[in-house]
Amino acid sequence: MFDLSRRDVITLLIFAAVVLTMPIWLAPLGAAYPGLMQKFAIYAIFAIGFNILFGLTGYLSFGHAAFLGVGSYTAVWSFKLLTMDILPAILFAIVVSGVFALVIGYFSLRRSGIYFSILTLAFAQMCYSLAYSVLTPITQGETGLLVARGDPRVLDTMLGVQAQTGGVPQPSMLGTTITGYTGFYVCAVVLILAFYVSQKIFASPFGMALRGIKSNQTRMVYTGFNTKPYMLAAFVISGMFAGLAGGLLAATDPIAGAERMRWTESGNVVLMTILGGVGTVIGPVIGAWVIKYFENIFSAINTGTLNEWFAFLPDGLQGVFVTVLSKFVGEGWHLTLGLLFVLIVVFLPGGLLEGSQRLAARFRRKKQPQRRELRQMEAGE
């Protein structure tokens, strides 16, 4: 499939099946509602793009939320000025985020290691401060940029597209409103395409060059290889993925706020990538899904829910369980996530994907002696 290896094609097909059947297998987990599944898909795209930079080159950016925010603002302005169709909005979000990434990457990549990380964090905080206060005529500051009925929408006016009779206009794609499961499947298809592009990058000579930079950049420079254009290209591509995710956030919820540019959002995508598995194609997706599940499901559990779960226990024991576990759910869900992150970094430094591969390998090793003994018994008979 477009020069993918057989293994990559099988991986892509399995991944597409898993994504498209989310409403089925997420139902027992209590997460099969469209809004959450849209976040699963969007933040998986964000993590895939971040992994192209961090996973392939080893350069850790603490400022990728800036591109997520830029993509959101660009998409909402496209809705306000041009059309409520999401296709131009997403295209503009990708392009504008790519331009921002080119500028920020040009200066940040003059340094490496922790200095690169601090530079990206500084640029992201500058963007956040500008969006929150200085550029309020463009960003609307803390209230956020919203779509209104009185917006010009030049293309819709020229094409004679009629706005909805009541309420705020909703984003659409070729006349179909992007809400509910429709919005999820749009995000799911974009996620599958983003995953395919990531596979192509990982398997390409460009991806091999980035791996060489991660392995030993100094040696590559001494052999006459100019690494800077490759690094900048990886940074821009990663920023464009983040802009795509930001555009989809605006498409599913037409509002853009400065909170999407906060350093905590940049930290979240770092956690997603490390949690799932840095440098793997599927790992960041798993990490994004796990964190978003914790954020939306664990944070909704309260003491009342815990009392229902442990109602079968004696009163004293029930109170102990509820008191202890209440610290790890609800507002304390970050504590559970932190403990999970510590355990994975200590015992599974390669992330959840590597952990599952280790378990599968150990299971196969246990099976092999059993099969060998069975063959010997059959031969003896």
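These numbers come from a predicted model, not from an experiment.

Account for the pattern of salt bridges, naming residues and giving values.
Within the structure shown, the criterion is met by three salt bridges. The salt bridge involving Asp151 is made with Arg153; its shortest N-O contact spans 3.7 Å. With its nearest N and O atoms 2.9 Å apart, the salt bridge here joins Lys292 to Glu295. In this pair, Lys292 and Glu295 both sit in helix α13 (residues 283-297), three residues apart, roughly one turn of the helix. Glu295 sits in the partly exposed class, given a relative accessible area of 25%.

Describe a nonpolar patch on the surface, with residues and values.
On the surface, a nonpolar cluster with roughly 650 Å² of combined accessible area is contributed by Leu91, Val95, Val99, Leu102, Val103, Tyr106 and Phe107. Assignment of secondary structure puts Phe107 in helix α5 (residues 86-108). Take Phe107: its relative accessible area is 43%, and that puts it in the partly exposed class.

Which residues make up the nonpolar core, and what are the values?
Residues Ile45, Leu191 and Trp289 are the most contacted members of the largest nonpolar core, which totals 96 residues. Beyond its immediate sequence surroundings of up to four residues, Leu191 is in contact with Phe15, Val19, Ala41, Ala44, Ile45, Ile48 and Trp289. Of all hydrophobic cores here, the second largest spans six residues; its members include Ile301, Phe310, Val322 and Val329.

An account of the layout of surface pockets is needed here, citing residue identities and associated values.
Within this model, the largest pocket holds a volume of roughly 470 Å³. As for the largest pocket, its lining consists of 16 residues, and the residues nearest its centre are Arg7, Thr11, Ile282, Leu353 and Gln357. Ranked by the residues each element gives to the lining of the largest pocket, the list is headed by helix α1 (residues 6-20), at seven residues. Class assignment of the residues belonging to the lining of the largest pocket gives a composition of nine nonpolar, five polar and two charged.

Please provide a residue-by-residue account of empty space enclosed by the protein, values included.
As enumerated under the stated definition, the model contains one cavity of 30 Å³ or more in all. Lining the largest cavity, in full, are Ser61, Gly63, His64, Ala66, Phe67, Ile104, Thr120, Phe123, Ala124 and Phe235. Looking at the lining of the largest cavity, the elements with two or more residues in it are α4 (65-81) and α6 (113-134). Here the lining of the largest cavity is built from residues that sort into six nonpolar, four polar and no charged.

An account of the environment of Thr273 is requested, with residue identities and associated values reported.
You can see Thr273 is positioned in helix α12 (residues 263-276). By relative accessible area, Thr273 is classed as buried at 0%. Along the sequence, Thr273 and Leu339 sit 66 residues apart, while their C-alpha atoms lie 16 Å from each other. When residues no more than four places from it in sequence are discounted, the contact partners of Thr273 are Ala47, Phe50, Asn51, Phe54, Val278 and Pro284. Looking at Thr273, its side chain comes within polar contact range of the main-chain oxygen of Val269, at 2.9 Å.

Kindly report on the packing of helix α9 (residues 180-203) against helix α11 (residues 228-252), identifying the contributing residues and their values.
In contact at an axis separation of 12 Å, α9 and α11 are set at 175 degrees when each is read in the N-to-C sense. Between α9 and α11, the interaxial angle falls into the category roughly antiparallel. On α11, the residues touching Cys187, Val190, Ala194, Val197 and Ile201 of α9 are Ile237, Phe241, Leu244, Leu248 and Thr252.

Lay out the side chain of Lys292 with the relevant residues and their values.
Residue Lys292 is classed as buried on the basis of its relative accessible area, which comes to 3%. Separated by 2.9 Å, the side chains of Lys292 and Glu295 make a polar contact. Once you skip the residues sitting within four places of it in the chain, Lys292 turns out to touch Leu36, Phe40, Tyr43 and Met272.

Basis of the calculations
Residues numbered from 1 in each chain as written. Predicted model: local features only at pLDDT ≥ 70, side-chain atom pairs only at ≥ 80, totals over all residues. Heavy atoms only, no water. Salt bridge = Lys/Arg side-chain N within 4 Å of Asp/Glu carboxyl O. Helix = DSSP H or I, 4+ residues; strand = E, 2+ residues; numbered from the N terminus. Buried < 20%, exposed > 50% of the residue type's maximum accessible area, 1.4 Å probe, protein only. Patch = residues over 30% accessible without salt bridge, like charges linked within 9 Å, V, L, I, M, F, W, Y side chains within 5 Å. Areas by Shrake-Rupley, 256 points an atom, 1.4 Å probe, with all protein chains shown as cover. Core = buried A, V, L, I, M, F, W, Y, C linked by side-chain atoms within 4.5 Å. Contact = heavy atoms within 4.5 Å. 1 Å grid on protein atoms, 1.4 Å probe; cavity = no way out; pocket = protein on both sides within 12 Å on 5 of 7 lines; lining within 4 Å. Points joined across faces, edges and corners; volume = space filled by probe spheres on them. Nonpolar A, V, L, I, M, F, W, Y, C, P; charged D, E, K, R; others polar. Polar contact = N/O pair within 3.5 Å; in protein donor to acceptor, adjacent residues only side chain to side chain. Axes fitted to C-alpha atoms, helices over the stretch in contact; angles between N-to-C directions. Parallel < 35°, antiparallel > 145°, perpendicular 65-115°, else oblique.

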